[in-house]
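# Observations on the three-dimensional arrangement
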Amino acid sequence: MAESVELPGRLAILPFRNQVLLPGVFIRIRCTSHTSVKLVEQELWQREEKGLIGILPVRDAAEMTSMDSVLSQGVASESGERSSKVQINTSDAQKIDGKSHPEVIHWHKRGVAARALHLSRGVEKPSGRVTYIVVLEGLCRFNVEELNTRGPYCTAKISPLEMTKAVFLEMEQIEQDPEFVTLSRQFKATAMELISVLEQKQKTGGRIKVLLETLPLHKLADIFVASFEMSLEEQLSMLDSVDPKVRLSKATELVDRHLQSIRVAEKITQKVEGQLSKSQKEFLLRQQMRAIKEELGDNDDDEDDLAALERKMQSAGMPSNIWKHAQRELRRLKKMQPQQPGYNSSRVYLELLADLPWQNASEEQELDLKAAKDRLDSDHYGLVKVKQRIIEYLAVRKLKPDARGPVLCFVGPPGVGKTSLASSIAAALGRNCVRISLGGVKDEADIRGHRRTYIGSMPGRLIDGLKRAGVCNPVMLLDEIDKTGSDVRGDPASALLEVLDPEQNKSFNDHYLNVPYDLSKVIFVATANRAQPIPPPLLDRMEVIELPGYTAEEKLRIAMQHLVPRVLDQHGLSSEYLQIPEAMVKLVIQRYTREAGVRNLERNLAALARAAAVRVAEKEQAVSVSKDVQKLASPLLDNRLAEEEEVEMEVLPMGVNNHEMSNTFKISSLLVVDEVMLEKILGPPRFDDQEAADRVATPGVSVGLVWTTFGGEVQFVEATAMVGTGELHLTGQLGDVIKESAQIALTWVRARVADHKLAAAEEISLLHGRDIHIHFPAGAVPKDGPSAGVTLVAALVSLFSQKSVRADTAMTGEMTLRGLVLPVGGIKDKILAAHRHGIKRVILPERNLKDLVEVPASVLSSLEILVAKRMEDVLEHAFDGGSPWGPHKIGTKLLKSRI
């Protein structure tokens, strides 16, 4: 029997956070904190072998609450921390510093006295901090009567519970108790059985058998259970068990539980090993193959990658028929070696199947038509008809979310906001927007994809766009759909027929994908500069919405509300440095830009901003140099500032305060654009309103209106005569249609002269003895179209009559061989072009009156619209004083719009 230990009435306390030391257990700790180092020095190091300290568990507030609830029910928790074992290494992180907050620490009422078996002192470099490594042996339990703080660590008044003379006398009686004898036999039997199981599994246990035979059972219970996994609740329960019977009973329960868990694990293992399925056998074989590859140095973790790919495919949400196809391809890939030629292509194909959004859709937010209208108005100025159509489209989507809406195709010149309208639709619906550029696409495989048998094959642009979007219902913008072409590689426009047909795109078949994909949830929006190049079957699948361009007033509003703030922000400026008055923006519109959109207007505003940026940057540099000079002139102040490099300070000249200095700098840096600055930065004006008057000053010139991909334009037609054989010469990069219009115009003029005998002798010789040359200026620009007939006739009549056409009048329209004026297209664009060029009168075919509804009222109010049914009406309106070939009774209306 061990000798009794005399404990002092007060012990120094070393706290253990969420950790318990049991009697008979050895533990190794490393002390680095100030509190623990002082305790070891004063209580152990200086007293050598006589030093004793108390190990007292402490708990956090959360641990305390959960533990109390478990202990009150008599059930041990399984979620505690790892307990101290023999020769356990701990750190200061497991201890409580004396400066800990008392409100979150709960001291246990019962602890264990410990003595030091080994002490070693060390010094950390380069800090010089002293550390101690202590090996402690748990001796006996004690109760805490009173806990005080003396100096850097805590001390406690204690009462011993074990290893006293009274306890030893009591133990002699307990060992004779039949109940204790029964518990001892049961504990030994369970412990020996556990040791036998562990000895078979780990080939250990001999030393534990020796302890089991030599140590007293009440001590062995503490040492034995400390070797197993125990929760903090179970450790504290063992610490609180002073009665040897209770302690032995709990130890028997813990050992038996550990033994049963080992048996259950063995039984499960045997059952699993006895029921290996075919897939499990294949897994084992693959693991063996992987081990062989590792030994050969030929392992690149392909198996792990394929497993990750398979999990990704399972979570992709593919339809059942496509999932079967993907599984078949995956099984084929698993049988291939990475060195085989088709391995990479199959793997890339499966990754595409896994990345496609088969069912992942963005949830549409509740459509708010008023918010959508406000968004359109804030992003786009004007475009009333277009906005109304978009609001109608959104209203239908609100009432019937699964409705098959039409494919909107915005047609208009560059710079009018076609692409940004698609972004606004996506924002209003709460969907992702994907842009697919079709400009210059001539290969059908760009739409349908390449077949996987070809080298370098890839999916089409639609499937690739869906992969980038990550959802199956984005707003897909088909940009520049009119610029696709066809050659020997196929016709992309024909491939788009299936894409844009809601009855067919439910099972769109990409050649690379080789499985049907549902495109019916995608909202398609197309843009084009012209509708004519789009094949009629493709155009029939889309609803064309024309964006003709902006008037000068609309451009002014767009510039002031959108362009000027954006340009200033892009160049790092603000209104404190550059101001562009509205009058100057109007001059830029009138004199430097005559486009349908606003891109050139934005470029000119950017040129003004760049000039202002240069001036501001130069002034800031000059101010910084002046600051440096002033600092050199005040060395007493700079000596103090030199020590603090991060402190910035501005030294002001005498007599000037901060407010005056900042105001002076702002005023000197502010740049207000005026006419002089416009000409200095943008150069001389490129356009003026006198161009038409100067060019029509001589007979033989007329003003026509044409439509181009960049919007409406004013086109001058010049005609002259020379000695010859009566041939017609045409120049100016003209197409076949406009050449035929010129031949028809000359034939009508000659027939008019012959039928009505209007020409004098010299004029008849002018017709029959001279060649006629008609030229369209800007000869490098190709021209064609059916709307120049009346303009050609006016130029020829002006040449033959030697009477000039009115300079403020422009005309458009085609004519028949009998002189009937036919309607033409692009009326809104042409009228806007006439308005931009300062034209005051416009002659239109009578059947084009219905197209004036689309022209803004502000433009119509500044123009005089003249309509003509026959060619004689055009001549009557085009010349001062009426037609030069005699009076003609005009049977058409004269419009002077004052809307």
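Residue positions within a chain follow its written sequence, with the count starting from 1. In keeping with the model being predicted, local features are shown solely for residues with a pLDDT of at least 70 and side-chain atom pairs are shown and tallied solely at 80 or more, while totals for entire chains, interfaces and linings include all residues. Excluding hydrogens and water, the side-chain values take into account all heavy atoms of the structure.

## Concerning unusual backbone geometry
In this structure, asparagine 514 is a non-glycine residue whose phi angle is positive, near 65°. Relative to the assigned elements, asparagine 514 resides in the loop between β12 (508–509) and β13 (516–517). Note on conventions: DSSP H or I runs of at least 4 residues are helices, E runs of at least 2 residues are strands, and numbering of each starts at the N terminus.

## A few points about the sheet that holds strand β15 (residues 542–546)
We treat two strands as partners when DSSP finds at least two bridges between them. Taken together, five strands build an open sheet; the order of strands is β10-β11-β14-β9-β15 and the sheet is parallel. Each edge of the open sheet is held by one strand with a lone partner, namely β10 (433–437) and β15. Neighbour-to-neighbour, the strand axes of the sheet open up by a mean angle of 25°, direction not taken into account. Note that β10 and strand β11 (residues 475–479) share five bridges and pair parallel. Paired with cysteine 433 across the bridge in β11 is valine 475. Only heavy atoms enter the contact rule, under which two residues are in contact if any of them lie within 4.5 Å. Lines are fitted to the C-alpha atoms to define the axes, a helix being fitted only along its stretch in contact, and any angle between axes, read from their N-to-C directions, falls within 0 to 180 degrees. Most of the contacts of helix α17 (residues 461–469) go to β10, to which it runs at about 150°, and overall it touches β10, β11 and β14 (523–528).

## Points about the packing of helix α13 (residues 369–379) against helix α15 (residues 418–429)
In contact at an axis separation of 10 Å, α13 and α15 are set at 155° when each is read in the N-to-C sense. With respect to each other, α13 and α15 are oriented roughly antiparallel. In the crossing of α13 with α15, the sense of the turn from one axis to the other is right-handed. Along the contact surface, α13 presents Ala372, Arg375, Leu376 and Asp379, while α15 presents Leu421, Ser424, Ala427 and Ala428. Residues were grouped as follows: Ala, Val, Leu, Ile, Met, Phe, Trp, Tyr, Cys and Pro as nonpolar; Asp, Glu, Lys and Arg as charged; and all remaining residues, including Gly, as polar. Taken together, the residues of the contact of α13 with α15 break down into five nonpolar, one polar and two charged. Note that the term roughly parallel is reserved for angles under 35 degrees, roughly antiparallel for angles over 145, roughly perpendicular for angles of 65 to 115, and oblique for everything else. In this scheme the handedness of a crossing depends on how the near helix is turned from the far one: anticlockwise by less than a right angle means left-handed, clockwise means right-handed.

## Brief notes about the confidence of the model for the chain
Every residue is assigned a pLDDT by the predictor, reflecting its confidence on a scale from 0 to 100. Residues at a pLDDT of 70 or more form 79% of the chain, whose mean pLDDT is 77. In this model, residues 889–899 is a region of pLDDT below 50 whose contacts with residues beyond four sequence positions or in other chains number 29 contacts.

## Re the nonpolar core
The criterion is simple. A nonpolar core is a set of buried Ala, Val, Leu, Ile, Met, Phe, Trp, Tyr and Cys residues joined through side-chain atoms within 4.5 Å. Note on exposure labels: buried denotes an accessible area under 20% of the residue type's maximum, exposed denotes more than 50%, and partly exposed covers the range between, all computed with a 1.4 Å probe on protein chains only. If you look at the biggest cluster of nonpolar residues, it comprises 58 residues, and the most contacted ones within it are Ile774, Val793 and Leu796. Broken down by element, the residue count for this core peaks at nine residues, all from helix α29 (residues 789–801). In contact with leucine 796, not counting residues within four places along its chain, are Ala719, Ala745, Leu746, Val749, Ile772 and Ile774. By size, the runner-up hydrophobic cluster in this structure holds 55 residues, among which are Leu383, Val386, Tyr592 and Ala609.

## Observations concerning the pairing of strand β9 (residues 407–411)
When you tally the buried positions in β9, you get five out of five residues, the bulk of the element. Of the two faces of β9, the one lined by Val407, Cys409 and Val411 and the one lined by Leu408 and Phe410 are each fully buried. Relative to β15, β9 runs parallel, the two sharing five bridges. Its bridge partner lying in β15, valine 411 is registered against glutamate 546. Strand direction decides the pairing type here: β9 and β14, joined by four bridges, are parallel. Within β14, the position partnered with valine 411 by the bridge is alanine 528.

## A word on the packing of α29 against helix α32 (residues 871–878)
Running from N to C, α29 and α32 point in directions that differ by 60°, and their axes come no closer than 10 Å. As summarised for this structure, α29 and α32 are arranged oblique, according to the angle between their axes. Here the hand of the crossing between α29 and α32 comes out right-handed. Across the interface between the two elements, Val790, Val793, Ala794 and Val797 from α29 touch Met871, Val874 and Leu875 from α32.

## Section: the pattern of salt bridges
Criterion for a salt bridge: a side-chain nitrogen of Lys or Arg within 4 Å of a carboxyl oxygen of Asp or Glu. Evaluated as defined, the whole model comprises 34 salt bridges. A salt bridge links arginine 375 to aspartate 379, with the nearest nitrogen and oxygen atoms 2.8 Å apart. Of this pair, arginine 375 and aspartate 379 both sit in helix α13, four residues apart, which is roughly one turn of the helix. By relative accessible area, arginine 375 is classed as partly exposed at 39%. In this structure, glutamate 854 engages lysine 385 in a salt bridge whose closest nitrogen and oxygen atoms are separated by 3.6 Å. Remark: lysine 385 occurs in helix α14 (residues 384–399) and glutamate 854 occurs in the loop between β25 (841–845) and α31 (857–860); sequence separation between them is 469 residues. Owing to a relative accessible area of 58%, lysine 385 belongs among the exposed residues under this scheme. One connected set of salt bridges, linked through shared partners, spans Arg30, Glu124 and Arg129.

## Quick notes on the environment of valine 386
Mapped onto the elements of the fold, valine 386 is located in helix α14. Residue valine 386 is classed as buried on the basis of its relative accessible area, which comes to 2%. Considered as a pair, valine 386 and phenylalanine 410 are 24 residues apart in the sequence and their alpha carbons are 8.7 Å apart.

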